[in-house]
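# Per-entry structural report
For reference, the chains in residue letters:
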Amino acid sequence: MNKWEENLSAAVKQVPPSGIRKFFDVAAKMDDVITLGIGEPDFVTPWHIRESCVYGLEKGYTSYSTNKGMPLLRKEIAALYKRSHALEYDPEEEIIVTVGVSEAVDLALRAVLDQGDEVLIPEPCYVSYKACVILAGGIPVPVATGIENEFRVTADALEKYVTPKTKVLLIGYPNNPTGTVLTAEELKGIAAFAQKHDLIVLSDEIYGDLTYGGLEHICFSSLPGMKDRTILFNGFSKAYAMTGWRLGYALANPVFIEAMNKIHQYTMLCAPVTAQVAGIEALQNGDANMHKMIHEYDRRRHLIYEGFCRMGLKTFEPKGAFYIFPNIESTGMTSEEFVENLLEREHVAVIPGNAFGECGEGFIRCSYATSIDKISGALNRIENFLKNI
Amino acid sequence: MRELLELLEHDARRPVKELAAMLNKSEFEIEDALKKLEANKVIMSYNTLIDWERFGDHNVTSVIEVNVAPQREVGFDAIAERIYRFDEVKSVYLMSGSFDLLVIIEGQSLNKVADFVARRLSTIEGVTSTRSHFMLKAYKKDGTIMDDKENDRRLVMTP
Ligand SMILES: Cc1ncc(COP(=O)(O)O)c(C=O)c1O
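Residues numbered from 1 in each chain as written. Chains lettered and ligands numbered in written order. Predicted model: local features only at pLDDT ≥ 70, side-chain atom pairs only at ≥ 80, totals over all residues. Heavy atoms only, no water.

## Considerations on a negative patch on the surface
Judged by side-chain charge, E329(A), E337(A), E340(A), E344(A) and E361(A) come together as a negatively charged surface patch. The exposure class assigned to E344(A) is exposed, which follows from its relative accessible area of 54%. (Patch = residues over 30% accessible without salt bridge, like charges linked within 9 Å, V, L, I, M, F, W, Y side chains within 5 Å. Areas by Shrake-Rupley, 256 points an atom, 1.4 Å probe, with all protein chains shown as cover. Salt bridge = Lys/Arg side-chain N within 4 Å of Asp/Glu carboxyl O. Lys, Arg positive; Asp, Glu negative; His and termini not counted. Charge placed at Lys NZ, Arg CZ, Asp CG, Glu CD. Buried < 20%, exposed > 50% of the residue type's maximum accessible area, 1.4 Å probe, protein only.)

Now the structure itself:
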């Protein structure tokens, strides 16, 4: 052991290594790989948004902004929530602009957790939740969900894991990696649960715009009684295809936002101002392009869902985000064996389901944020792979 | 229908099976819709966008502003027809503004195009003047960027 390793903090040592690193290294070396393993849009940011950033640079937008973000951007965010969800957030006190949802989740957890506080996290879920809880001194408490009810978490399931130490419930719907969306009834059940145990709810709604089949996204904060106890996250990465810009935000009551801002002002100062300028353009004029992209994801969603059904893999129709989560247990392989073999034999990259929590074992996550041709190509290769095992 | 058309406009070679899956319809429904769209000429033809330059051809394209004296009864249509019947003529549009017809001509050489304008086009009865512009380079054609350098720059696997 390198002597410096013992100098690392206990929290850092406790965070498990990435579940995809080893596959990434193999896939990155193949030149004919088709990847369904990317968790970001394949679209480049719409031109009008990029152009507004270039214009902003020309005009000299190169300095720090206020800690909570440019006032106009916060105003646009407030207007968006009023327009789409009839929610009133005060741009002065209840909104903070962050370096992606990633930073916002970290800020929120650090703002509310004390050493040993427990955070309920329905799994499978986005990989950073658990790590962020550990780094904030909390204890992640995974709550398993399964394919029998399309990975929906229920109040009954959550109830089993409540202890006097439980302080936060961290949810993310539409879900990465499963594509699950909860109905209003299901969300109300969770809201009642949060109320009963007086929990703070962290709701990562970064895929909120990406729902299909006429489903309307329901903001957790819009449920009766939930606005005050919810820290709501959203960002520009997915809906506007702006992952590399690093721009997101949190909406919550003034106490939480002020607490988050306390950390943010000393650790980050502000989100990149170039991105904030572009974010304003996205919110003001980005709807048409966003809907075009959503439409395109929807077509791909049908194609990939139909493809997996045809192959006979047990899967359910995802209703949101841009992922599908087929079950591969019928092959007799574990998720990681499947991913490794598929990569080796057919040069198709997917993500093993267990990277998103133990209950993701037996599944693979496939992203359909890639072109129709590549999806078709990958489906053919996977079909071939299944025939030859 | 609109969605089907949009998909085909982008790529006319998509297999019916794929179209059906994407639009959540049966293959039969798609085939039926295509037959109807073809029959009523909503779908006029299935063309291929070719970069002839890259293939090695060096045709010249000329955009010509044409002024005409409209004729009784038939207006601009009769003159337009006399122009668009020529094989050299790729497109003809009736325009508002300072000229009447926009004519796009393609020929093997500058001489051939100039010759066509001088001998065929400007001598048509009713054509009062022409102004020719030669195209130097196509950057974007029918919605397709000719030399798009925006490759997929994403990492091969991300959570
Ligand atoms: C559920 C979820 N939350 C947050 C993020 C990170 O988003 P951002 O780019 O805004 O930091 C991702 C990115 O993959 C995600 O899938």
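The rest of the description comes next.
## With respect to a nonpolar patch on the surface
Residue and element names in this part refer to chain A. Judged by side-chain polarity, L8, V12 and L135 come together as a nonpolar surface patch covering roughly 260 Å² of accessible area. You can see V12 is positioned in helix α1 (residues 10-14). The exposure class of V12 is partly exposed, given its relative accessible area of 42%. (Helix = DSSP H or I, 4+ residues; strand = E, 2+ residues; numbered from the N terminus.)

## Quick word on the sheet that holds strand β4 (residues 127-134) of chain B
By definition, the strands of a sheet pair up through backbone hydrogen bonds, in either a parallel or an antiparallel sense. Residue and element names in this part refer to chain B. Reading across from one edge, β2-β3-β1-β4 is the order of the four strands in this open sheet, with antiparallel pairing throughout. Two strands bound the open sheet, and with one partner strand each, they are β2 (89-94) and β4. Within this sheet the neighbouring strands show an average axis-to-axis angle of 20 degrees, counted without direction. Bridge count between strand β1 (residues 60-68) and β4: seven bridges; the pairing is antiparallel. Residue pairing in the sheet places S62 in a bridge with F134 of β4. (Pairing = 2+ DSSP bridges. Axes fitted to C-alpha atoms, helices over the stretch in contact; angles between N-to-C directions.)

## Overview of the packing of aromatic side chains
Residues and elements named next belong to chain A. Per the counting criterion, the structure on display carries 17 aromatic pairs over all chains. With a centroid separation of 5.1 Å and 65 degrees between ring planes, the pair formed by F322 and Y323 is classed as edge-to-face. By relative accessible area, F322 is classed as buried at 0%. An aromatic cluster is built from F43, Y207, Y297, F322 and Y323, whose rings are joined through pairwise contacts. Note that K227 overlies the ring of Y89, its terminal NZ or CZ placed 4.6 Å from the centroid. (Phe/Tyr/Trp six-rings, centres within 6.5 Å; stacked < 30°, edge-to-face > 60°. Lys NZ or Arg CZ within 6 Å of the ring centre and 35° of its normal.)

## Notes on the UniProt feature "domain: Transcription regulator AsnC/Lrp ligand binding" (unreviewed entry) in chain B
Under the present numbering, the feature "domain: Transcription regulator AsnC/Lrp ligand binding" (unreviewed entry) in UniProt falls on residues 64-137 of chain B. What you have in residues 64-137 of chain B is 27% helix and 35% strand, and the ends, taken at the C-alpha atoms, are 16 Å apart. (UniProt positions renumbered as here; feature names shortened; annotations may be inferred.)

## So, the site of the ligand
All names here are of chain A. Close to the ligand lie 13 residues, the nearest being V101, S102, D204, S237 and K238. V101 places a main-chain nitrogen or oxygen 2.6 Å from an oxygen atom of the ligand. At 2.9 Å from an oxygen atom of the ligand is found a side-chain nitrogen or oxygen belonging to N176. Ranked by the residues each element gives to the shell around the ligand, the list is headed by helix α5 (residues 100-112), at three residues. For the shell around the ligand, a count of residues per class yields five nonpolar, five polar and three charged. (Near = heavy atom within 4 Å. Polar contact = N/O pair within 3.5 Å; in protein donor to acceptor, adjacent residues only side chain to side chain. Nonpolar A, V, L, I, M, F, W, Y, C, P; charged D, E, K, R; others polar.)

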